[in-house]
Amino acid sequence: MVFDDSRFKPDPNLECTPYYYPPVGDAKSNFPRTWTLATLVPGDTEAQSKFQSIQGQIPNIAPKGQQPQSLIGNWTGFTYDPTDPDCWWTWQKCTTPKVPGLPADIAMLPEPNTLGFGFDDGPNCSHNAFYDYLQSKDQKATMFYVGSNVLDWPLEAQRGLADGHQICVHTWSHRYMTALTNDEAFAELWYIINFVIGVTPTCWRPPYGDVDDRIRFIANALGLSTIMWQYDSNDWRVNTNATTPANVDNNYLDLIAAAQNGTFSTYGTMMLTHELNNFTMSEAVKFYDQLAAVFAHLVPIGVALNISDPYFEDGYTLPSFEEYIGGTHVGSVTGSSDNNDGPFDSPPNGPSGSLFGGTSNSSSLAGSSGSTGGTSPSTLSNQSGASKIAPDKVGVFAGAAIIVGGIMSML
């Protein structure tokens, strides 16, 4: 059967026409410029105070590579100790930090025969047909949103919340995080949180998986758990190098075959997929029924980890895994804009904090390692992950996000 993806080809003159939404547009001066490397905004005393409070504790690990080439994962000329002292995921897929006190990354799930269903790089301006499809399946997912996309497409970001998806952080401008200075890495995580989305996520995924113990420390100081993956669709690579649609199909089929042969009889898994463009979303739709047939359960990552409190704000809850598989896909949606336990002393990035905070209403809306001596990892450029990795262990997830919210509810 040939998959008809025609309805996933929106008119770019409609959905993807830039628009000005005053509550967001009028506050843009409180943020870095979209799609530029984030730095602390002058006059943002709260961000500066928070950064200063953790600066002296950040592990003494130098940024990797040389900017600007390192920002896109080009490590040419950079020499790294092959014993991997920094637990650099890009080097050897390390997920258990070597700095004491840091929680392990999450790359597998504790619930057997379960797929943690999620997508990176949203919100996409053309995602309505895809989100409609998920809605038709009553399927919730984990959405890792890029801050610049959230600011460019605020109502699309709100649909993710309104539809009940779990929202996590995917940085401000989608750079290789280990290439950044401490203040740049901090800003990349600080400025996506809370303002437009309306709540404070407690989970993040590093772009390309590029994280080490220095970056983990900064994320952990902001209350963010690091979420990785075990399988990689490589869907984002199509039209960027030699990767073909057939290669991506085969990556999906490899995951399906693994589920069929009992690989996940004692644990659950995650696959890296994207909301990036028409192709990546169409692939998710194309293989959805097959994934649902071979996995006992497709659930948001937070549900698979039995997280009850999705945000730092009070009042929002996730259903437990048992509740979700029993048909209850939405927890409590009567939340508070208070952020008493979060990384902020007061609502960030504006006098009233979040645009959409408060009570919500329902809406329909791989790399190689060296052998001896220092080794240059230049061949790791743009490596988002091997088709399968063996994570050290399942970490402890600090939070997830699910809320059914009114898209126009504003403080």
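If you're wondering where the values come from, they're calculated on a predicted model, not measured in any experiment. (Residues numbered from 1 in each chain as written. Predicted model: local features only at pLDDT ≥ 70, side-chain atom pairs only at ≥ 80, totals over all residues. Heavy atoms only, no water.)

Caption draft 1: Focus on the side chain of R175. Of note, R175 is situated in the loop between β4 (166-169) and α7 (182-190). Buried and unpaired, R175 has E188 as its nearest opposite-charge partner, separated by 5.4 Å. Excluding residues that lie within four positions of it along the chain, R175 makes contacts with W35, T36, L37, L71, L180, E188 and P207. (Helix = DSSP H or I, 4+ residues; strand = E, 2+ residues; numbered from the N terminus. Buried < 20%, exposed > 50% of the residue type's maximum accessible area, 1.4 Å probe, protein only. Lys, Arg positive; Asp, Glu negative; His and termini not counted. Salt bridge = Lys/Arg side-chain N within 4 Å of Asp/Glu carboxyl O. Contact = heavy atoms within 4.5 Å.)

Caption draft 2: Region of interest: the packing of α7 against helix α8 (residues 213-221). Their axes nearest at 10 Å, the elements α7 and α8 cross at an angle of 45 degrees. The angle between α7 and α8 falls in the class oblique. Considering how the two elements wind past one another, α7 and α8 form a crossing that is right-handed. Facing N182, A185, F186 and L189 of α7, the residues of α8 in contact are R214, I215, I218 and A219. Split into classes, the residues belonging to the contact of α7 with α8 amount to 6 nonpolar, 1 polar and 1 charged. (Axes fitted to C-alpha atoms, helices over the stretch in contact; angles between N-to-C directions. Parallel < 35°, antiparallel > 145°, perpendicular 65-115°, else oblique. Left-handed = near helix turned anticlockwise from the far one by under 90°. Nonpolar A, V, L, I, M, F, W, Y, C, P; charged D, E, K, R; others polar.)

Caption draft 3: A look at the state of the cysteines. Overall, the coordinates contain 3 disulfides when judged by the stated rule. A sulfur-sulfur distance of 2.0 Å marks the disulfide that ties C16 to C125. Between C16 and C125 the sulfur-sulfur dihedral comes to about 90 degrees; the bridge is accordingly right-handed. With C16 in the segment before α1 (22-25) and C125 in the loop between β2 (118-122) and α4 (128-136), this pair connects stretches of sequence that are 109 residues apart. When its relative accessible area of 12% is taken as the criterion, C125 is described as buried. Covalently, C87 is tied to C94 through a disulfide, its sulfur atoms 2.0 Å apart. Of note, the bridge from C87 to C94 carries an S-S torsion of about -95 degrees and is left-handed in sense. As far as the burial class goes, C87 and C94 line up, both buried. Here the protein chain pairs its bonded cysteines, counted in sequence order, in the arrangement 1-4, 2-3, 5-6. (Disulfide = S-S within 2.5 Å.)

Caption draft 4: Layout of the environment of A187. Topologically, A187 is positioned in helix α7. A relative accessible area of 0% means that A187 is categorised as buried. A C-alpha to C-alpha distance of 8.6 Å links A187 and V41, two positions 146 residues apart in sequence. For A187, the residues in contact, after removing those within four places along its chain, are A38, T39 and L40.

Caption draft 5: Structural view of α4. Within α4, the full set of buried residues consists of A129, F130, Y131, Y133 and L134. Buried residues along α4 sit in contact with β2, β3 (142-145), α6 (154-162) and α10 (278-294). A positive backbone phi angle near 50 degrees is found at D138, which sits one or two residues after α4.

Caption draft 6: How the structure looks around the pairing of β3. Across the two faces of β3 the burial is the same, with T142 and F144 and M143 and Y145 all buried. Taken together, the 4 bridges between β2 and β3 define a ladder with parallel strand orientation. Following the sheet pairing, F119 is matched in β3 by M143. One ladder, built from 4 bridges, connects β3 with β4; its direction is parallel. Of the residues in β4, the one forming a bridge with M143 is I167. (Pairing = 2+ DSSP bridges.)

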